[in-house]
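# Fold and geometry: a report
Single-letter residue listing:
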Amino acid sequence: MNALNATIDAGNNLLWGWLLIYLLIGTGLYFTVRTGAAQFRYFGQAWRTILGSRDNQPGQRGITSFQAFATGLASRVGTGNIAGVAIAITLGGPGAVFWMWVTALVGMSSALIEATLAQAFKVRDGERGFRGGPAYYIRQGLGQGWMGQLFAVFLILAFGLVFNAVQSNSIAASMQQAFGLSPAAVGVALVLLTAPIIFGGIRRVARVAELVVPFMALAYLLVALYVVFTHLGQVPDMLLGIVRSAFGLESAVGGAAGFAVQQALMMGVKRGLFSNEAGMGSAPNAAAAASVNHPVQQGLVQMVGVFVDTIIVCTCTAAIILLSPLPRDADLSGVQLTQAALESHVGGWGGAFLAGAIFLFAFTSIIGNYAYAEGNVQFLTRHRWVLNAFRALLLGMVLFGALAEVPTVWNMADLSMGLMAVTNIVALLLLSPLALRLLRDYDRARRDGQADPLFDRRADPELDRRLPREVWGAGEGVNATD
């Protein structure tokens, strides 16, 4: 185990010491400039698209934009929003929250690009729907099948196995603290709850996510708003402390200040990426399953998921912790820190409430993660027994996570997440000219007065040549029907 931890730490130091921090923020800034800050220009339109897509049209393939949004949010909103934020604040100080915000705001443009490409290069599956994601747009858009297979393996390891161990680990820890339940019992219960959902496939995952995600996010938001409104006088100081800490203004001069900024930046980007997944290549797997009239439409929908996850939900957790009277050197971290902070605000029931919230957040992340992994298993092989074997292995990782030590599980998550992100960002940069053509087509249609632009591939010879005709047709645009 010591050798394993040493190897994982070495990989994380290489990826997160400098490479991914600059690559993620740099890519987000590049796409923000090249898209004309589309994440801000189309923010209102994206919300209208989400709220207006609850029901399938007659004969429509796949799932709705709202279901794809809910599935993506189910995976995004998980322990990263509760345990991850607490860990970031513990190791990086309040300034880590600022860098989580920055990662999300610039990362929304990366989410737009990757989800648009996932829609553009999706394929039909055998269940009268669609599947796709980075593995598919790497193979079809770049013509690099080996690179697509490599990404698929990284995603299966990360989301299908390691991340689900992280989710079950947090559930077990919160249940043990709140109710005294043994991790083994919690692990077995999670396996029994997860099995019937994942063996039902992507459609059952989408239906569960559509029902549970809005409820869990609203309940957590209401409690956090209560905390904020009962401490309004402290909020300005909290926000000022976050900004000052982000730039080392609360530390000693010289090396101490530089180290504080580095820690805040590193933890903010790491935990921000784990939480909102912008640019990582995960959410595009859900985005590809939706039926839409234009590829950019689902890109706009998925970028809102990044905003909800980090700017809203993660900020709620940060407020609960930073507005609490707990001393900064309290011997608490992760789920336990957030639970103790909430109990200090609302009393003993806060720990039980948060245990329930963590269960819903993390459990929906488990099934959302499975949805991502399923498409990539099918990318590698269509043998049914392989998919069933993977499902069994996933259930084993859920049980393992409930029993494992916290540092090992989180370090494995960081490494697998980093390998995914590097592979996907390289593909995004190489395919960005195509994604930007699609965005310009959407912009033109909006300027022409189309409230819901209908994609016509014939308007751009390059798009007409590159995009799969079996999905987008020969100019009719909509992929909703045969």
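You'll find the structure just up there.
These numbers were taken from a predicted model, which means no experiment stands behind them. (Residues numbered from 1 in each chain as written. Predicted model: local features only at pLDDT ≥ 70, side-chain atom pairs only at ≥ 80, totals over all residues. Heavy atoms only, no water.)

### Some remarks on the overall build of the protein chain
Going by this rule: Only runs of H or I of at least four residues qualify as helices and only runs of E of at least two qualify as strands under DSSP, and these elements are numbered from the N terminus. Note on areas: these come from Shrake-Rupley sampling with a 1.4 Å probe, and a residue is covered only by the protein chains present in the view.
The number of helices and strands found in the protein chain is 20 helices and 2 strands. With the model as given, the accessible surface of the protein chain reaches about 17,600 Å², and the carbon-plus-sulfur share is 64%.

### Let's talk about helix α3 (residues 43–51)
The criterion, for reference: Partly exposed describes any residue whose relative accessible area lies between the buried limit of under 20% and the exposed limit of over 50%, with all areas from a 1.4 Å probe on protein chains only and scaled to the type maximum. This arc describes the spread of directions from the helix axis toward the C-beta atoms.
Regarding α3, the residues found buried are Q45, A46, T49 and I50. Projected down its long axis, α3 carries its buried residues within an arc of 140°, all on one side. Projecting away from the buried face of α3 at angles above 90 degrees are the exposed residues R48 and L51.

### Regarding the nonpolar core
In plain terms, the rule: Nonpolar cores are built from buried Ala, Val, Leu, Ile, Met, Phe, Trp, Tyr and Cys residues. Side-chain atoms within 4.5 Å join them into one set.
Formed by 147 residues in total, the largest nonpolar core has its most connected members in Y137, Y220 and F390. Sorting elements by how many residues they give to this core places helix α8 (residues 145–179) first, with 16 residues.

### A short note on a nonpolar patch on the surface
For clarity, the cut-off: Residues with no salt bridge and a relative accessible area higher than 30% make up the patches, which join like charges within 9 Å and nonpolar side chains (Val, Leu, Ile, Met, Phe, Trp, Tyr) within 5 Å. Any carboxyl oxygen of Asp or Glu within 4 Å of a side-chain nitrogen of Lys or Arg constitutes a salt bridge here.
On the surface, L218, L222, L225, F229 and L232 cluster together to form a nonpolar patch covering roughly 490 Å² of accessible area. Summarising the element assignment, L222 is placed in helix α10 (residues 202–229).

### Here we look at the packing of aromatic side chains
Note the cut-off: The pairing test for Phe, Tyr and Trp rings, Trp by its six-membered ring, is centres within 6.5 Å, and the orientation test on the planes gives stacked under 30 degrees, edge-to-face over 60, and tilted for anything in between. By the criterion adopted, a ring carries a charge over it if an Arg CZ or a Lys NZ lies within 6 Å of its centre and within 35 degrees of its normal.
Taken as a whole and judged by the stated rule, the model has 13 aromatic pairs. Ring geometry for W349 versus F353: centroids 6.0 Å apart, planes at 75°, classification edge-to-face. With a gap of 4 residues between them, W349 and F353 both fall in helix α16 (residues 349–380), about one helical turn apart. Judged by relative accessible area, F353 falls into the partly exposed class, the value being 22%. Every member of this aromatic cluster is reached through a ring pair, and the members are F43, W47 and F307. The ring of F130 carries K122 above its face, with NZ or CZ at 4.0 Å from the centroid.

### A word on the environment of D125
The condition is simple: In this description, contact between two residues means that some pair of their heavy atoms is separated by no more than 4.5 Å.
Inspection of the secondary structure assignment puts D125 in the loop between β1 (123–124) and β2 (130–131). D125 has contacts with F130 and R131, leaving out every residue within four places of it along the chain.

### Quick notes on the pattern of salt bridges
A side chain with one charge can pair with a side chain of the opposite charge if their charged atoms come near. Enumeration according to the criterion identifies 8 salt bridges in this entry. Two residues, R41 and D443, come together in a salt bridge whose shortest N-O distance is 3.5 Å. Residue R41 is found in helix α2 (residues 38–41), and its partner D443 is found in helix α18 (residues 406–447); the two are separated by 402 residues along the sequence. As a salt-bridge pair, R444 and D441 come within 3.6 Å of each other at their nearest N and O atoms.

### Considering α8
What counts, and what does not: Take the number of residues in a helix, subtract one, and multiply by 1.5 Å to get its expected span.
In this model, α8 (35 residues) spans 49 Å end to end at C-alpha, consistent with the 51 Å of a helix rising 1.5 Å per residue. The buried fraction of α8 amounts to 25 of the 35 residues, a majority that puts the element mostly inside the structure. Just beyond α8, the residue with positive phi is G180, at close to 75°.

### Details of the packing of α16 against helix α17 (residues 384–403)
We count it as follows: Only the stretch in contact is used when fitting a helix axis, every axis being a line fitted to C-alpha atoms; angles between N-to-C directions are given from 0 to 180 degrees. Note on angle classes: values under 35 degrees are labelled roughly parallel, values over 145 roughly antiparallel, values of 65 to 115 roughly perpendicular, and the remainder oblique. Left-handed describes a crossing whose near helix is turned anticlockwise from the far helix by less than a right angle; the clockwise case is right-handed. Residue type decides the class: Asp, Glu, Lys and Arg count as charged, Ala, Val, Leu, Ile, Met, Phe, Trp, Tyr, Cys and Pro as nonpolar, and the leftover types, Gly among them, as polar.
Where α16 meets α17, the axes come as close as 11 Å, and the angle between the chain directions of the two elements is 150°. In terms of axis orientation, α16 runs roughly antiparallel to α17. For the element pair α16 and α17, the recorded crossing hand is right-handed. Two secondary-structure elements touch here, α16 through I366, Y370, A373, E374, V377 and Q378 and α17 through V386, L387, F390, R391, L394 and V398. Tallied by class, the residues present in the contact of α16 with α17 amount to 9 nonpolar, 1 polar and 2 charged.

### Topic: the side chain of Q302
By secondary structure assignment, the location of Q302 is in helix α14 (residues 295–322). Residue contacts for Q302: discarding those within four places in its chain leaves A68, F69, G72, R76, A111, A115, A283 and A287.

### Some remarks on the environment of V186
Among the secondary structure elements, V186 is positioned in helix α9 (residues 183–198). Each C-alpha atom, one on V186 and one on L403, is 9.4 Å from the other, the two residues being 217 residues apart in sequence. In contact with V186, not counting residues within four places along its chain, are I171, A172, M175 and L181.

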